[in-house]
Structure formats: structure tokens, C-alpha cells
Amino acid sequence: MTTARSRFWLLTGAALLALAGAHVTPAAAQSLSCAKPASPVDRTLCGSADLKVANEDVATLLRDTLANSPAAERDTVQRAQQAFLAERDRACADRSALESCRRLYEKRVTDLQTQNSAAQKKLAAVAAGIPKDPKAAAAALQRYDGAAAKAWLVYLYHSGQAPVADKEATIRALVTTVTDRDLPPDPELREEMRNLGDVATAPLGTALLFLRHVLSTTEMEAPCFLFTKHGQPAFEAFGAFWGNSRDSSPALCEPLFSVFDSPEWSRVEARIAPAIDPALEERGSIRQGYERQFEVDNLQASLVPSTLLEAPHSPEARKIADKRKAIIAAFRSWTDFDAWPEAEYKATIAALPAALAATARVYRDKFGLNPQTADQAARAAADRFIATRLALLLPDD
């Protein structure tokens, strides 16, 4: 029997399949063709390397702003673009007025950056409402045409928080559109997205990784509810995936407090930092992969410490866990005192019991873990803290 409620979601599923093939085309945002400039304005732009770049920047930002704006707000963005084009046609037709033309483009780039940032904040607010009312969030996200909104819809449908007809087909259509059309022209990122396989039938961790990749192309952060709701799969998806500067995004939510900011952990950190900091500097951009793992370890230990005791879900996470065990074994019988002086090593060993006790106490009092689980989670947090840092002092695999 088809109820009014089921008819609504059937229509929604069909609409989404159509949306996946639709696209908001920005007014006059096409790339400039300089092979045969067709107008005085085109000749002015093509005659200046700076203006050619600025024109592409405007086109890209306009596309992003429209994609990150709900349907009801796109006309306003388009009208502002038309007003800019009219002013540009007056200011840039004369090649002797290059400076005023540049200033006009600089202002338009700044305006679009501001609008795009504001649009992304509104979109992030929609996503932040998922825990309270996922169905309402899904309905709001359907009014967007960009990759971020589609990635959030993939997450909602895959996790079952918002029902949709033809679930697998709808997810596949959204994923295909994002991967083939909506992402920036980054071959490496597109390849990684395709390597995810069939997101619709994969475990939830794959949908979370899909979301992570898309959010990394935006200014939006990974909200805390992903980690409190999904635990280990979310921490794996938003961890040090790339091992380089790409790991700087998306930003992670900030926990209300950090267990590693305690005086006890600060004393441990002070004994390790003199050896670790130079090793980080030597890594160049790769250091951001290590720093990402520092952030994830801190978030997990400070937000949902019980998940530190969960088994890894993905093959890559299992490899990391095995490597962590090997590093901890090396730590317990450390002999490379050229890399880490013996006095500092022994001071770390001496400082660890207090850090473990303080962490277990927080886990008992703040998170309500029973004493045995709190002790186990505190030791797991310590292993994360030590292993991620000592990895910098050990030979790369």
C-alpha cells in the first residue's frame, strides 16, 4: 500500500535522480577563449596574464557560490554577476584602462569570496542540524546543487537517517555526479573518489570517506556529531588519509576540552618535543599528515574515548594499528639514544604513570566509564600519543 508519506519519498527519490543530472549554469561564467578574441573586452583580458587569471577566478568562484547556495538565493547571485559584467564591459573595453579593469576584477573576486564563505556557513548550519532532524536537513539539502550538499545527502541516505526511494540508485547517481562533474579538476582526488568503488553498497565508512574527500574541497569542517555517532569508522575516514598537505582539510571540530592539555601530559610532551619537533620540520609538507593524526588522536581521546578500544574497521586502519603496536614495543625497549637522548626517554617513562592516572580519572568522572574500561582507554590514549610521535623517529616503511 502506498501512503501519502511513502509517495512523498518516492517523489523525492525521483527528483534527486533528476537533480543528479541537472546543473546550475552560471551566467557568462565560461572560460575565456583567447584564440580569437571576439570583442574589445576579450582582447583586453587576453592581453593581460593577470586579467586572464582573474577572469578564471571569477568564473570558478561564481560556480562555487551558486553550488553552495540554495535555489531560492541563486537569482541574487546571478543578478550581481550580470551587474558586474555590465560594469566590466564599460571599464575593460579600452586597453588603456587596465588598472581600473584590474581593480574591478579584484573587487568582484573579493565579493564572491565573501558570498561563497557565507553560503558555505549556511550550508554547514544545515548539516549541523542533522542530529536534531535528519529528514528536515535532507529536504533542505535537496535545494542545493553543489558537491557538499550531495555528499551530505549520500551520508544521510547511506546511514538510513533519511529515507529515500531507490536508495542505492539515488546514492549512485549522486556519487557519479559529484565525482564526474562537481569536483575541482584535480586528477588525484578524482582517482581516489573512483577508488572508493560502489559507495551505495559499501560499509558506512566508505560513505564517510566520500564525505571527507568532498568537504576537503570546501571551507567546511567535519562536525563532532559524526564522531560521537559513528565512532571508529568516522575517525578512520577523517584521519591522515593522504599523508601530506592534503590532510590539512577538512578541519576537524574542536572538542570541549583536550585530555592531552592536562599538566600531566604537558610534562610528557616536554620530554618528547625536543626530539620530535626537528623531525617534523624535516618532513616538509608531509608533516601535515603527522599533525593530522595528532589531531585525530586528540579528538578521539577527548570526545569519545571508549572508541579507542574498538577494533579497526578498514584494512588501512588495521595496518596502522599493527604499526602502532610495533612502535610501542620499540618504545618500551628504546635504545636509539642518538635520536632521543636517554635522559629524556627515562623522564618520559617516569612521567607517564601520572598522565595515565589523570586520564583514567577523567574517563571515570566525565565519561562514566567503569574503572577497568577507563584504565584500558587511558592506556590506549597513551599508546596513540606516544606512537604517533615516535613514528617520526623511526625509519619509514
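Every chain is numbered on its own, with residues counted from 1 as its sequence reads. The predicted nature of this model means local features are confined to residues of pLDDT at least 70 and side-chain atom pairs, given and counted, to a pLDDT of 80 or more, with totals for whole chains, interfaces and linings taken over all residues. Computation of side-chain values: all heavy atoms of the structure, hydrogens and water removed.

A. Structural view of helix α10 (residues 204–215). Each helix is a run of H or I in the DSSP string that is no shorter than four residues. Each strand is a run of E no shorter than two, and both are numbered from the N terminus. Any helix carries an expected span of 1.5 Å times its number of residues minus one. Taking 1.5 Å per residue, 12 residues should reach 16 Å; α10 reaches 17 Å between its end C-alpha atoms and fits that length. Burial analysis of α10 places 10 of its 12 residues in the buried class, the great majority of the element. Between buried and exposed lies partly exposed: a residue is buried under 20% and exposed over 50% of the maximum accessible area for its type, with that area taken using a 1.4 Å probe on protein chains only. Turning to α10, its buried residues number three or more, namely Thr206, Ala207, Leu208, Leu209, Phe210, Leu211, Arg212, His213, Val214 and Leu215. By definition in these notes, contact holds between two residues if any of their heavy atoms fall within 4.5 Å. Looking at the buried residues of α10, the elements they touch are α7 (147–159), α8 (167–182), α9 (187–195), α11 (224–230), α12 (232–237) and α14 (287–303).

B. Examining the pattern of salt bridges more closely. Salt-bridge detection follows one rule: a side-chain nitrogen of Lys or Arg within 4 Å of a carboxyl oxygen of Asp or Glu. Within this structure, the stated rule accounts for 20 salt bridges. Salt-bridge contacts for Asp145 lead to Lys150; the nearest nitrogen and oxygen are separated by 3.5 Å. Overall, Asp145 belongs to the buried group, its relative accessible area being 3%. With its nearest N and O atoms 2.7 Å apart, the salt bridge here joins Glu281 to Arg287.

C. Examining the environment of Ser248 more closely. Mapped onto the secondary structure, Ser248 falls in the loop between α12 and α13 (263–282). Looking at Ser248, the relative accessible area reads 47%, which means it is partly exposed. As for Ser248 and Gly289, which are separated by 41 residues in sequence, their C-alpha atoms are 7.7 Å apart. Not counting the four nearest positions on each side in its chain, Ser248 is found in contact with Gln288 and Arg292. A polar atom in the side chain of Ser248 sits 2.9 Å from the backbone oxygen of Ser245. In protein, a polar contact means a hydrogen-donor-capable atom and an acceptor-capable atom, both N or O and within 3.5 Å, with residues adjacent in sequence counting only if both atoms are side-chain atoms; elsewhere, any N or O pair within 3.5 Å suffices.

D. Representation of the confidence of the model for the protein chain in the model. Note: pLDDT gives the predictor's confidence per residue, expressed from 0 to 100. Taken as a whole, the protein chain shows an average pLDDT of 90; of its residues, 92% reach a score of 70 or greater. Counting contacts from residues 1–22, a segment whose pLDDT is below 50, to residues more than four positions away or on other chains yields 33 contacts.

E. Looking closely at the state of the cysteines. Note on terminology: pairs of cysteine sulfur atoms within 2.5 Å are recorded as disulfides. Under the counting rule described, the total for this entry stands at three disulfides. The residue that forms a disulfide with Cys224 is Cys253, at a sulfur-sulfur distance of 2.0 Å. The sign of the 105 degrees torsion about the S-S bond sets the Cys224-Cys253 disulfide as right-handed. Linking Cys224 in helix α11 with Cys253 in the loop between α12 and α13, this pair joins segments that are 29 residues apart in sequence. With a relative accessible area of 22%, Cys224 lands in the partly exposed category. Sequence-ordered numbering of the disulfide-bonded cysteines in the protein chain gives the connectivity 1-2, 3-4, 5-6.

F. Region of interest: unusual backbone geometry. The peptide bond linking Ser249 to Pro250 adopts the cis configuration, its omega dihedral lying at -5 degrees. Its identity is not glycine, yet Asp166 carries a phi of approximately 50 degrees, on the positive side. With respect to the helices, strands and loops of the structure, Asp166 is situated in the loop between α7 and α8.

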